[in-house]
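Given next are the chains, with one letter for each unit.
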Amino acid sequence: MIEEIKTRRSIRRYKQYEIPTQVVNKIIQAGRFAPSGKNKQPWKFIVYGGDAKRNLLAKMEAGLQRELSGKAFLPDSAYGLPDAGNTLQIMREAPTLVVVMNPYGKSPFEQITVDERVTEIVDALSIGAAIENMLLEAERLGIGTLWIGNTFFAYPELAEFVKEPGQLVGVVAMGYAEEKPGQRPRKRLETILEYRY
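Let me sum up the structure you'll find in this document.

Rules behind the numbers
- Counting of residues starts from 1 at the beginning of each chain's written sequence and follows it residue by residue.
- Two thresholds apply to this predicted model, a pLDDT of at least 70 for residue-level local features and 80 or more for giving and counting side-chain atom pairs, whereas whole-chain, interface and lining totals are computed over all residues.
- Excluding hydrogens and water, the side-chain values take into account all heavy atoms of the structure.
- Strands are runs of DSSP state E lasting at least two residues, helices are runs of H or I lasting at least four, and both sets are numbered from the N terminus onward.
- Contact between two residues is taken to exist if any of their heavy atoms lie within 4.5 Å; hydrogens are not considered.
- Nitrogen and oxygen atoms within 3.5 Å of one another constitute a polar contact, given that in protein one can donate a hydrogen and the other can accept it, and given that sequence-neighbouring residues count only through two side-chain atoms.
- Each Phe, Tyr or Trp ring (for Trp, its six-membered ring) is paired with any other whose centre lies within 6.5 Å, and the angle between the two planes then decides the class: stacked below 30 degrees, edge-to-face above 60, tilted in between.
- For every residue, the accessible area obtained with a 1.4 Å probe (protein chains only) is divided by the maximum for its type, and the residue is called buried under 20%, exposed over 50%, and partly exposed between those limits.
- The rule is short: NZ of Lys or CZ of Arg within 6 Å of the ring centre and within 35 degrees of the ring normal puts a charge over the ring.
- By this rule the span expected of a helix is its residue count minus one, scaled by 1.5 Å.
- Throughout, the arc means that of the directions going from the helix axis to the C-beta atoms.
- Residues are said to line a cavity or pocket when one of their atoms sits within 4 Å of a point; the points come from a 1 Å grid over protein atoms alone, cavities being sets where a 1.4 Å probe fits but cannot get out and pockets being open sets with protein on both sides within 12 Å along at least five of seven lines.
- Grid points are joined across faces, edges and corners, and a volume is the space filled by probe spheres set on the points.
- Any residue that is not Ala, Val, Leu, Ile, Met, Phe, Trp, Tyr, Cys, Pro, Asp, Glu, Lys or Arg is counted as polar, Gly included; the first ten are nonpolar and the last four charged.

What follows deals with the environment of Glu179. Its location among the elements puts Glu179 in the loop between β4 (167-175) and α7 (189-192). On a C-alpha basis, the gap between Glu179 and Arg196 in space is 42 Å, while along the polypeptide they are 17 residues apart. Once residues lying within four places of it in the same chain are set aside, the contact partners of Glu179 are Ser10, Ile11, Arg12 and Arg13. In this structure the side chain of Glu179 is engaged in a polar contact, spanning 2.6 Å, whose partner is the backbone nitrogen of Arg12. One polar contact links the side chain of Glu179 to the main-chain amide nitrogen of Arg13, over a distance of 3.3 Å.

Once that is clear, we can look at the packing of aromatic side chains. This structure, assessed with the given rule, holds five aromatic pairs. Residues Phe73 and Phe109 carry aromatic rings whose centres are separated by 5.5 Å and whose planes lie at 70 degrees to one another, so their mutual orientation is edge-to-face. One end of the pair, Phe73, is in the loop between α3 (50-68) and α4 (81-93); the other, Phe109, is in the loop between β2 (96-102) and α5 (114-140), with 36 residues separating them in the sequence. Note on Phe73: relative accessible area 42%, which makes it partly exposed. By relative accessible area, which is 35% here, Phe109 ends up partly exposed. An angle of 5 degrees between the planes, with centres 6.1 Å apart, marks the rings of Tyr195 and Tyr197 as stacked. An aromatic cluster is built from Phe73, Phe109, Phe152 and Tyr155, whose rings are joined through pairwise contacts. Above the ring of Phe33, the side-chain terminus of Arg32 is found at 4.8 Å from the ring centroid. Its guanidinium or amino end placed over the ring of Phe73, Arg66 lies 4.2 Å from that ring's centre, counting from NZ or CZ.

Let us look at α3. Side chains of residues three or four places apart in an α-helix project in the same direction, reflecting 3.6 residues per turn. For α3, spanning 19 residues, the distance from its first C-alpha to its last is 27 Å, which sits close to the expected 27 Å at 1.5 Å a residue. Taken residue by residue, α3 has Lys53, Leu56, Leu57, Met60, Gly63, Leu64, Arg66 and Glu67 as its buried positions. Projection of α3 onto a plane perpendicular to its axis shows the buried side chains occupying an angular sector of 170 degrees, all on one side. The outward face of α3, more than 90 degrees from its buried face, is lined by the exposed residues Asp51, Arg54 and Leu68. In the core, the buried residues of α3 are packed alongside β1 (44-48), α4, β2 and α6 (155-162). Directly after α3, the chain includes Gly70, whose backbone phi takes a positive value near 100 degrees.

Right, let's talk about the environment of Thr151 for a bit. The residue Thr151 is located in the loop between β3 (144-148) and α6 in this model. A relative accessible area of 1% means that Thr151 is categorised as buried. C-alpha separation for the pair Thr151 and Leu64, spaced 87 residues apart in sequence, amounts to 9.1 Å. Look past the residues within four positions of Thr151 in its chain and what remains in contact with it is Met60, Met91, Leu158, Leu168, Gly170 and Val171.

What follows deals with the layout of surface pockets. Taken as a whole, the largest pocket holds about 290 Å³ of empty space. The wall of the largest pocket is formed by 16 residues, among which Arg8, Arg9, Ser10, Arg184 and Arg186 lie closest to the centre. Elements that contribute at least two residues to the lining of the largest pocket include exactly α1 (2-7) and α5. Along the lines of polarity and charge, the residues of the lining of the largest pocket split into four nonpolar, three polar and nine charged. Put simply, the second largest pocket is a space of about 180 Å³. Around the second largest pocket, the lining residues are Ser10, Arg12, Asp83, Asn86, Thr87, Ile90, Leu146, Trp147, Ile148, Gly149 and Asn150. The set of elements that each furnish at least two residues to the lining of the second largest pocket consists of α4 and β3.

Honestly, it's all geometry; don't read function into it.
Put into structure tokens, the structure is as follows:
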């Protein structure tokens with residue numbers, strides 16, 4: 001698996017071939033085997049393709065337009081809207097999108113208690129492990145991926161469309177890669193590691 005860790009890249013250009021369902025299932029299975037706090041397994045994966053994907057992305061586009069129109073829910077994050085528009089184009093090109101839900105979570109626009117915040121952090125750690133498992137299994141199977149958080153700009157529109165209880169965490173785009181990006185720079189080990197005895 002160390003090879004997949006080293007060679008995995010964020011893919012933003014995809015060939016227009018559908019991924020067989022059994023391959024998508026293997027990728028989701030890898031996510032399902034991730035560790036989670038108290039074995040809660042705080043995830044649900046909803047796969048979108050074809051017309052369902054187009055309808056999902058129409059809602060995302062509507063949310064981005066709302067943010068740009070002066071009715072922004074995330075006004076302090078407006079600097080990220082051009083990148084979110086680019087992400088929308090990538091999502092249109094990817095044959096398969098996997099919406100990642102936390103069935104126990106709440107909308108980021110809801111007030112929550114400190115205890116609920118701690119639970120949300122543990123769930124986020126667990127979901128991150130599941131997504132990483134999926135990305136690495138996809139790499140092993142020759143599938144390109146991109147994990148996406150720009151969905152938060154269109155959170156209300158997407159959550160209403162998906163119609164699932166809980167928190168919409170993000171999306172994983174999947175498809176056969178049309179590019180082979182080089183490795184992005186990494187921080188040097190000595191700048192991120194500290195031993196204390």
